[in-house]
Amino acid sequence: MSEKKLKYVGTRPIRHDGVDKVLGKANFGADLNLPGMLHGKILRSPHAHAKIISINTAKAEALDGVLAVITGDDFPPPPSGKGSVEGPQDFGDMARNVMAREKALYTGHAIAAVAATTTRIAEIALKAIEVEYEVLEPVMTLERALAPDAPILHEEMRAKGEEPLPEGPTNVATRTVMGFGDVDEGFSSADVVVEREFTTETVHQGYIEPHAVVARSISDGRAEVYCCTQGQFMVRKYCSKVLDMDPTQIKVTASEIGGGFGGKTVVYAEPVSIVLARKSGRPVKIVMSREEVFIATGPTSGSHIRVKIGVKNDGTITAADATLNYEAGAFKGSPVMAGMMTIFSPYRMDHVRIEGFDVVVNKPKVAAYRAPGAPMAAFATEGVMDELASQLGMDPVDLRLVNAVKEGDTAAYGPKFKVHGFIDTLQAVKNHPHYKAPLGPNQGRGIACGFWFNAGMQSSANVILNEDGNATVVTGNPDIGGSRTSMALMAAEELGIPVDKIRPVVADTESVGYSDLTGGSRVTFATGMAVVEAAKDVVRQLRERAAQTWDVSVDDVEWRDGHAVAMNGHADDHEPLSVAALAGSAAKTGGPISGRASLNARGPGPGFATHICDVEVDKETGRVSVLRYTAVQDVGRAIHPSYVEGQMQGGAVQGIGWALNEAYMYDEKGKLQNPSFLDYRMPVASDMPMIDTVIVEVPNPTHPYGVRGVGETPIVPPLPAVAHAVNQATGVRFRSLPISPPRVLAALDD
Amino acid sequence: MSTKPVEGLQAISVTVNGEDYTALAEPRMLLSDFLRHECGLTGTHVGCEQGVCGACTVRVDGAIVRSCLTFAISVAGSKIDTVEGMAKANELHPVQAAFQEEHGLQCGFCTPGFLLTVQDLLEKIPSPTDQEIREHLSGNVCRCTGYQGIMAAVRSAAQKMQT
């Protein structure tokens, strides 16, 4: 880790994409139109659980203006066997989620699709498609899914994982157990033990831009896709799996992305639009409605979590035990494992046991949502910790300080922690004026901590030096939170040229090396590493060109503040050469200069945060108002502090919405009752106070500038922080979210 | 069930950002679709089709309206302003400049609606209090920023417009 003073990293330049966005010129997913383009619409199941007996598309196909109608039969068989599962993705399930085959598994599941000359004709054609269903009992809760007589979503599915497992057909996809020590022994040495159960509902990421795609099929079997996504290479790979194509037959261009938060990390309409384009011979655009986004794209899991923690009278944790049940939606693959890996990780413990169940229900298949699985886990653990602090008569921050993991401690999920700033965040909270500010009647204050491990993974970057001395930084990661400017800042630091002389570009899948998607808080860390390496490659070449120009050894040339400087007795003979001078003479010294790097980044560095929340509870209406909020987080190093603050504030507000208002509400038939922004209410400006931020910087030693992932950790503490504040204001412990006015009133009446 | 699309296109003329547009459209066509598809002005974004998120906000004869709740035909003959018309002669409107400088946006999808709503606010109340800002903006949803950068941008724009 270089200790030299940084010139560009840590400054707050205007974002490179800002001008186009304030002018209305940025192109989002729905903004592209191609000549001859058709409009696609998807027919969606009105039933949460039903066998598909037959689909008759004849009447739809006969309509004027309809050029293609497709069903599951127009897709290749869902992948199975070798290559059909990669990490958490089962491409057979994905194919069935993109277009239902034998069964409709949630209200909104795609059944068929049409492409027509206008959206109006496409809508009429959908109504002309006749589907015969055999309606089955829907499974809408974890309790129902796990009951011995529960209807089974997937007859062929057998539970995997640690014994004991349910036998025969089941809605349990996996049971996982982790931990170490002997929890019985640990609890027997405890002075106080608290065991509680917590529930959270299905919530949606709520990005404002609905999914949108334009696909074009090319006569030699290739396809081109333009869409809003968190990963153009992800779309390429997943479409290739679902459509049995080679990845390189598909070119994907990512549009500007109007929010994602994890929700745009899988494919939905993209493969459908390719099949429609192929069948019709015309480009096809599909833009989801808001209702489709709610009912047919992945929200995050509803959960039920039991947590038991034992402590000594001085607060030291002796043992911890948890059981997590997460809804996966219609196909296996909830973030329960991430919930398990984060649930006890902020605290040191010798005896720990964590058990998790991945359970299918008749809701849309969940997708990632900002620190997937962690907020609900923290809601449970922090809730028990808050109650323990109260029973012990300890300050809740002090209880965390007694137990906080340090460098070298073993995390509950296995690895040893490297250096991090968790304790620094706790100290910052204790020293913050907010923590000691007076409270009025019906007001309360809560604190809570959050942990997220962050991701590294594969990234590529090209740094191209142009003939005018400006640089183009090309990466393969859609810019979801300001990453382009962060890339430019790191390149500026390496090259020694101002950040406004660098143009950061998000390239399509044919213009840059493979890059894993934008997610896991990985881009500034991992893609940033690739940019730094590629920029160093450019600097190496610049030094070589200077050495050649001066006829000295490259070892006699140093790179300083954007200039090649002659060293070792040559300094008096040669004036330093600037980037612009070296770029301008490149044709004479060997040709264009560009650098590249592709890497698999390791050691992302964990993120820890501690938040303080003040609320006031209106005992007449049950409304909880957040009065003041402070988010403290170890970010490693803030490359662009304004963007870091923006992530901390935005994540906190999403978490507050989850705590207080947001929830999917289903009727008994499994139909979502609130698939709109009117009825699924997300926070607006008048709901929120100032969100204060405190950036703690404990550099991550594995990153050249000390970066840790930032974006996800901020959504982890708010759920418990809000609940604890409400507890202090009302004396009631809320262990089910959301803490909505009817629930508050009901609890106060008791 | 109708199996034929509704015919009966009507010529609709509006002035958008000072330019006259005439297009044939069905009476059911929404102003948001008219602007995006007939005028090619894709800076007006559609997020909810229900008038809740505010991303589609435009100004019709000066008043802020939700273009996703407005039939194009109902504003025929009106003067419409969209985000594309805010900057004059390559100079950003002070509200646009302030949103850039104060990091009042992350993904930028909700931004056009916020810009027009803030422009309207500052014309009515040149020096709004924080509470007035928050209330005036309560019909626009931003999922990225937590509204802090947006608040800072509005305060900064108010100052710019007074000097």
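Owing to the predicted nature of the structure, the values given are computational and were not obtained by experimental measurement. (Residues numbered from 1 in each chain as written. Chains lettered and ligands numbered in written order. Predicted model: local features only at pLDDT ≥ 70, side-chain atom pairs only at ≥ 80, totals over all residues. Heavy atoms only, no water.)

**Looking at the confidence of the model for chain B**
Part 1 of the reasoning: Here chain B shows a mean pLDDT of 94. Residues at 70 or above account for 96%.
Part 2 of the reasoning: Of the regions scoring below 50 in pLDDT, residues 1–6 of chain B engages in 12 contacts with residues more than four places distant in sequence or in other chains. (pLDDT = per-residue confidence, 0-100. Contact = heavy atoms within 4.5 Å.)

**Thoughts on the packing of helix α3 (residues 91–98) of chain A against helix α7 (residues 232–243) of chain A**
Residue and element names in this part refer to chain A.
Part 1 of the reasoning: In contact at an axis separation of 9 Å, α3 and α7 are set at 85° when each is read in the N-to-C sense. With respect to α7, the element α3 is oriented roughly perpendicular. Between α3 and α7, the residues in contact are Phe91, Met94 and Ala95 and Lys237, Tyr238, Lys241 and Val242, respectively. (Axes fitted to C-alpha atoms, helices over the stretch in contact; angles between N-to-C directions. Helix = DSSP H or I, 4+ residues; strand = E, 2+ residues; numbered from the N terminus. Parallel < 35°, antiparallel > 145°, perpendicular 65-115°, else oblique.)

**Some points on the sheet that holds strand β12 (residues 212–217) of chain A**
Strand pairing in a sheet relies on backbone hydrogen bonds, with the paired strands running either antiparallel or parallel.
Residues and elements named next belong to chain A.
Part 1 of the reasoning: With mixed pairing, seven strands are arranged side by side in an open sheet as β3-β7-β1-β15-β12-β13-β14. The open sheet has two edge strands with one neighbour each: β3 (66–71) and β14 (250–254). Within the sheet, the average angular offset between the axes of one strand and its neighbour, ignoring direction, is 20°.
Part 2 of the reasoning: The pairing of strand β1 (residues 38–44) with strand β7 (residues 110–116) spans six bridges and is classified as antiparallel. Bridging from a neighbouring strand, Ile42 pairs with Ala113 of β7.
Part 3 of the reasoning: Contacting β1, β3 and β7, helix α4 (residues 119–128) crosses the sheet at an angle of about 30° to β1. (Pairing = 2+ DSSP bridges.)

**Examining the interface of chain B and chain A**
Part 1 of the reasoning: Counting residues at the interface gives 48 residues for chain B and 60 residues for chain A.
Part 2 of the reasoning: Carbon and sulfur atoms make up 60% of the surface buried where chain B meets chain A, a total of about 4,300 Å² over both sides.
Part 3 of the reasoning: If you look at where chain B meets chain A, you find three salt bridges.
Part 4 of the reasoning: A salt bridge links Asp31 of chain A to Arg36 of chain B; the shortest N-O distance between them is 2.8 Å.
Part 5 of the reasoning: Counting every contact that joins chain B to chain A gives 22 residue pairs in polar contact (both at pLDDT 80 or more).
Part 6 of the reasoning: Of the residues in the side of chain B that touches chain A, the class split is 20 nonpolar, 18 polar and 10 charged. (Buried area = accessible area lost by both parts, 1.4 Å probe. Salt bridge = Lys/Arg side-chain N within 4 Å of Asp/Glu carboxyl O. Polar contact = N/O pair within 3.5 Å; in protein donor to acceptor, adjacent residues only side chain to side chain. Nonpolar A, V, L, I, M, F, W, Y, C, P; charged D, E, K, R; others polar.)

**Comments concerning the domain arrangement of chain A**
Residues and elements named next belong to chain A.
Part 1 of the reasoning: One can read the domain layout of chain A as domain 1 (18–25 + 456–601), domain 2 (32–136 + 208–259 + 264–296) and domain 3 (303–454 + 605–749).
Part 2 of the reasoning: Its C-alpha centre places domain 1 at a distance of 39 Å from the equivalent point of domain 2.
Part 3 of the reasoning: Listed by partner, the interface residues are 19 residues for domain 1 and 17 residues for domain 2.
Part 4 of the reasoning: When domain 1 packs against domain 2, close to 1,400 Å² is buried across both sides, 57% of that on carbon and sulfur atoms.
Part 5 of the reasoning: Counting every contact that joins domain 1 to domain 2 gives two salt bridges.
Part 6 of the reasoning: Here Glu256 and Arg484 are joined by a salt bridge, their closest N and O atoms 2.9 Å apart. (Domains from an automatic or database assignment.)

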